[in-house]
Amino acid sequence: MSERAVLHVRGRVLAGPDDVRDELWVVGGRITYDRPAVARDVRTVDGWALPGLVDAHCHVGLGPHGPVDAGTAEKQALTDRDTGTLLLRDAGSPSDTRWIDEREDLPKIIRAGRHIARTRRYIRGFAHEIEPEDLVAYVAQEARRGDGWVKLVGDWIDRDLGDLAPTWPREAVEAGIAEAHRLGARVTAHCFAEDSLQDLVEAGIDCVEHATGLTAELIPLFAERGVAIVPTLVNIATFPKLADGGEAKFPRWSAHMRRLYERRYDTVRDAHDAGIPVFVGTDAGGTLPHGLVAAEVAELVTAGLPATDALAATTWAARAWLGRPGLDEGAAADLVVYETDPRADVRVLAAPRRIVLNGRVVG
């Protein structure tokens, strides 16, 4: 499309779960629902349109052993774009990916800075590894470096205990979260197990990643405080393999990981049914490939979420939660068009018909 071209999307435009329109236009890279008065060069796309999909937990610039080069980070971002994922919340990366912001052909990124972990209590090369007395200073640093989010590692295996355990004392996370909020940032935390969750929520955490340790006793607390979860079920699917690998050295940890895996769908369904906000995230980067959002939405449906709610978790609701527009009048035209209604079968998300980023057809 040329700079002066107009894109006409017609069929069914899903501007919201209950806001279905017949058409929209893209003029000058932006959405309008008013027919342009004059359009010399019009390209028409027919189908079912959604806002660009959201991966609310991924890692651009991160590989299995830590930071990767710019070429690899670019491939990660392009993989997401080519599956229709046009907004990424980067939940921790040691790489500087600000250069991506200058590229109109790459997804938009909301960064959480670099992970903040306890010394020797996370994957080597991924995080700042510090002690509790330094947490406030590092939270302030990453709040200033990020885009309104800070990422803590809330639990990890304690090798002396032989099982998952919290990484921070209560007073440290209270002070760290308070500092992030003072600086205008929200805080999220990696948590697999049960024991760190109550302290984090009562300390004011805004979101918990994975949240496999949610129990019937903890769910009302999350719901009351409005704490969101990003389950990353495509990542939780790796728990049995991880458990097998650690069986000989850490049998208690391995058994725990298997239990968390076995109840994963019940955990997510019960959270959703209680009114806890649930959003789509894949944990891509590190060991998982990018481009898995469609698979994660399908997993949420398998867990028991209605299809429209699973779609909202990667479109309308996710964008509102992150403070970014969807298919709004005047918004940058980031949208995906499908052959059939994704509300009828979310598996269509794996086969986008057209992808439009910043008003340009990119796929």
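Thresholds, definitions, all that
- Residues numbered from 1 in each chain as written.
- Predicted model: local features only at pLDDT ≥ 70, side-chain atom pairs only at ≥ 80, totals over all residues.
- Heavy atoms only, no water.
- Helix = DSSP H or I, 4+ residues; strand = E, 2+ residues; numbered from the N terminus.
- Rg over C-alpha atoms; globule rule 2.2 N^0.38 Å.
- Buried < 20%, exposed > 50% of the residue type's maximum accessible area, 1.4 Å probe, protein only.
- Contact = heavy atoms within 4.5 Å.
- Areas by Shrake-Rupley, 256 points an atom, 1.4 Å probe, with all protein chains shown as cover.
- Lys, Arg positive; Asp, Glu negative; His and termini not counted.
- Charge placed at Lys NZ, Arg CZ, Asp CG, Glu CD.
- Salt bridge = Lys/Arg side-chain N within 4 Å of Asp/Glu carboxyl O.
- Phe/Tyr/Trp six-rings, centres within 6.5 Å; stacked < 30°, edge-to-face > 60°.
- Lys NZ or Arg CZ within 6 Å of the ring centre and 35° of its normal.
- Core = buried A, V, L, I, M, F, W, Y, C linked by side-chain atoms within 4.5 Å.
- Axes fitted to C-alpha atoms, helices over the stretch in contact; angles between N-to-C directions.
- Parallel < 35°, antiparallel > 145°, perpendicular 65-115°, else oblique.
- Nonpolar A, V, L, I, M, F, W, Y, C, P; charged D, E, K, R; others polar.
- Pairing = 2+ DSSP bridges.
- Patch = residues over 30% accessible without salt bridge, like charges linked within 9 Å, V, L, I, M, F, W, Y side chains within 5 Å.

Asks: How should the overall build of the protein be read in this particular structure?
Replies: A count of helical and extended segments in the protein gives 12 helices and 20 strands. Relative to its length of 363 residues, the protein is compact, with a C-alpha radius of gyration of 21 Å against a globular reference of 21 Å. Overall size of the protein, expressed as C-alpha extent along the three principal axes, is 70 × 40 × 35 Å. The proportion of buried residues among the 363 residues of the protein is 55%. A sequence separation of at least 24 residues applies to 65% of the contacts in the protein between residues at least 6 apart. When the accessible surface of the protein is summed, it comes to about 14800 Å², and 48% of that surface belongs to carbon and sulfur atoms. Charged side chains in the protein number 43 positive and 56 negative. The centres of these two groups are separated by 4 Å.

Asks: Sorry if this is basic, but what is going on with the pattern of salt bridges here?
Replies: Oppositely charged side chains may form a pair once their charged atoms are brought near each other. For the structure on display, the rule yields 28 salt bridges. A salt bridge links R111 to D147; its shortest N-O distance comes to 3.2 Å. Of this pair, R111 sits in strand β9 (residues 108-111) while D147 is found in the loop between α2 (135-145) and β12 (149-153), placing the two residues 36 residues apart along the sequence. A relative accessible area of 6% means that R111 is categorised as buried. The exposure class of D147 is partly exposed, given its relative accessible area of 26%.

Asks: Just to check I follow, could you spell out the packing of aromatic side chains for this structure?
Replies: Given two aromatic rings, one states the distance between the centres and the angle between the planes to describe the pair. One pass over the full model with this rule turns up 6 aromatic pairs. Ring centres of Y122 and W156 lie 4.8 Å apart, and the angle between their planes is 75 degrees; on these two criteria the pair is classed as edge-to-face. On the criterion of sequence distance, the pair formed by Y122 in the loop between β10 (116-118) and β11 (128-130) and W156 in strand β13 (residues 155-158) is long-range, its members being 34 residues apart. Of the two residues, Y122 and W156, neither departs from the other in class, the shared state being buried. Aromatic ring contacts, followed pair by pair, group Y122, F126, W156, F192 and F239 into a single cluster. Sitting over the face of the ring of Y33, R21 holds its NZ or CZ atom 4.0 Å from the ring centroid.

Asks: How should the environment of G176 be read in this particular structure?
Replies: By the secondary structure assignment, G176 is in helix α3 (residues 170-182). Using a relative accessible area of 2% as the deciding quantity, one classes G176 as buried. Linking G176 and Y138, residues 38 residues apart in sequence, is a C-alpha distance of 8.5 Å. The contact partners of G176, leaving out residues within four places of it in the chain, are V136 and V139.

Asks: Help me understand the nonpolar core in this model?
Replies: In a soluble, globular protein the nonpolar side chains are often hidden away together inside. Judged by nonpolar contacts, the single largest core of 58 residues is most densely connected at L152, I205, L214, F222 and L300. Examining the composition of this core, we find that 5 residues originate from one element, helix α10 (residues 293-303), more than from any other. In this structure, F222 is in contact with L197, V201, V208, L214, V227, I229 and I276, ignoring residues within four places of it in sequence. Ranked by size, the runner-up nonpolar core spans 18 residues in total, among them A117, A127, A243 and L260.

Asks: Explanation requested: the packing of helix α7 (residues 239-246) against helix α8 (residues 251-262) in the structure shown.
Replies: To characterise two packed helices, one gives the angle between the axes of the helices and the distance between these axes. The geometry of α7 relative to α8 is characterised by a closest axis approach of 8 Å and an angle of 170 degrees between their N-to-C directions. On the basis of the axis angle, α7 is roughly antiparallel to α8. Taken together, the residues of α8 that come into contact with α7 (itself represented by F239, P240, L242, A243, D244 and G246) are P251, W253, S254, M257, R258, L260 and Y261. Among the residues forming the contact of α7 with α8, the class breakdown is 9 nonpolar, 2 polar and 2 charged.

Asks: What am I meant to see in unusual backbone geometry here?
Replies: Despite not being glycine, H210 has its phi angle at roughly 75 degrees, a positive value. Among the secondary structure elements, H210 is positioned in strand β16 (residues 207-210).

Asks: Would you mind going over the sheet that holds strand β2 (residues 19-27) with me for this structure?
Replies: Remark on secondary structure: sheet strands pair via backbone hydrogen bonds, oriented parallel or antiparallel. Pairing within the open sheet is mixed, and its 7 strands lie in the order β3-β2-β1-β4-β18-β19-β20. Unpaired on one side and paired on the other, β3 (30-32) and β20 (360-361) mark the two borders of the sheet. By the bridge criterion, 3 bridges tie strand β18 (residues 335-338) to strand β19 (residues 354-357) in an arrangement that is antiparallel. Looking across to β19, one finds that L335 is bridged to V356.

Asks: What is the right way to look at α10 in this model?
Replies: Given 3.6 residues per turn, any residue in an α-helix points the same way as the ones three and four places further on. Residues of α10 that are buried: V293, A294, E296, V297, E299, L300 and A303. The inward-facing, buried residues of α10 contact β5 (53-58), β8 (85-90), α6 (233-236), α9 (264-273) and α11 (307-312). At the C-terminal side of α10, G304 shows a positive phi close to 120 degrees.

Asks: What should I look at first to understand a positive patch on the surface in this one?
Replies: A surface patch of positive charge is lined by R120, R124, R159 and K249. Its place among the elements puts R159 in the loop between β13 and β14 (163-166).

The analysis is restricted to geometry; functional conclusions fall outside its scope.
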